[in-house]
Amino acid sequence: GEDVEQSLFLSVREGDSSVINCTYTDSSSTYLYWYKQEPGAGLQLLTYIFSNMDMKQDQRLTVLLNKKDKHLSLRIADTQTGDSAIYFCACGSSNTGKLIFGQGTTLQVKP
Amino acid sequence: EAGVAQSPRYKIIEKRQSVAFWCNPISGHATLYWYQQILGQGPKLLIQFQNNGVVDDSQLPKDRFSAERLKGVDSTLKIQPAKLEDSAVYLCASSLGDRETQYFGPGTRLLVL
């Protein structure tokens, strides 16, 4: 079945850039999403990219998509302590319509 | 615009008891989802509704879980009887339609003792 993999933990210093990586197996993924989950909260949509795009930039966020390698990344520029959270990659299959989530990457931002 | 609303936010019950969760989606969203998120994992789809009809309930443990969306707006998810392994966050999400961007509520944190 479809699978989405993420590294579990990333620690950066405030002001540095953070890069969170994600790999997926379903080549029919049409939409690829990044969600943020703060402690005790639901999932907040951060950004998404269509499968026919290579890159999308939205303020401090840059999403890169390598369809050949089925690799997605989220870059956060000038990372702040408020960016500390769990980040989920999710892939939407055009075949099943289902959204498959990775296990989440915990981002720790040190002052 | 109001987001997805869920209640209660927290629930503690003993095993074999029953529990119900409520979700009110974003106004105008035809598609509603219930996910289960176990600690340390990503959300996993339990059931998807399109208006008041079930689109996908293949991952719903039907011997103990049930869900309904009678008027195509609000939805309830019920567990009866609860097991220890049902301890998780239950997330409701909605979207304009199938395969559209999903927006999540704050979740209900369930602890089964």
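Computed from a prediction, not measured in an experiment: that's the story for all the values here.

**Thoughts on the overall build of chain A**
Phase 1: Regarding its fold elements, chain A presents 0 helices and 11 strands.
Phase 2: Put simply, chain A runs from its N terminus to its C terminus through helices and strands in the order β-β-β-β-β-β-β-β-β-β-β.
Phase 3: Its C-alpha atoms give chain A a radius of gyration of 13 Å, within 12% of the compact-globule value 13 Å for 111 residues.
Phase 4: Reported as C-alpha extents along the three principal axes, the dimensions of chain A are approximately 45 × 30 × 20 Å.
Phase 5: Counting all 111 residues of chain A, 44% fall into the buried class.
Phase 6: The contacts of chain A with a sequence gap of at least 6 include a subset with a gap of at least 24, amounting to 55%.
Phase 7: Counting only carbon and sulfur atoms, one obtains 48% of the accessible surface of chain A, whose full area is about 5300 Å².

**Examining the pattern of salt bridges**
Phase 1: Per the counting criterion, the structure on display carries 6 salt bridges over all chains.
Phase 2: Taking the shortest distance from any N to any O, the salt bridge between A:Asp83 and A:Arg60 comes out at 2.9 Å. Residue A:Asp83 is located in the loop between strand E8 (71–76) and strand E9 (85–93), and its partner A:Arg60 is located in the loop between strand E6 (55–58) and strand E7 (61–66); the two are separated by 23 residues in the primary sequence.
Phase 3: Under the relative-accessibility criterion, A:Asp83 is labelled buried at 7%.
Phase 4: Ionic pairing is found between B:Arg64 and B:Asp86, a salt bridge with its closest N-O pair at 2.5 Å. Separated by 22 residues along the polypeptide, B:Arg64 in the loop between strand E6 (53–56) and strand E7 (65–68) and B:Asp86 in the loop between strand E8 (75–79) and strand E9 (88–95) bring together distant segments of the chain. When sorted by exposure, B:Arg64 lands in the same class as B:Asp86, which is buried.

The rules behind the values
Residues numbered from 1 in each chain as written. Chains lettered and ligands numbered in written order. Predicted model: local features only at pLDDT ≥ 70, side-chain atom pairs only at ≥ 80, totals over all residues. Heavy atoms only, no water. Helix = DSSP H or I, 4+ residues; strand = E, 2+ residues; numbered from the N terminus. Rg over C-alpha atoms; globule rule 2.2 N^0.38 Å. Buried < 20%, exposed > 50% of the residue type's maximum accessible area, 1.4 Å probe, protein only. Contact = heavy atoms within 4.5 Å. Areas by Shrake-Rupley, 256 points an atom, 1.4 Å probe, with all protein chains shown as cover. Salt bridge = Lys/Arg side-chain N within 4 Å of Asp/Glu carboxyl O.

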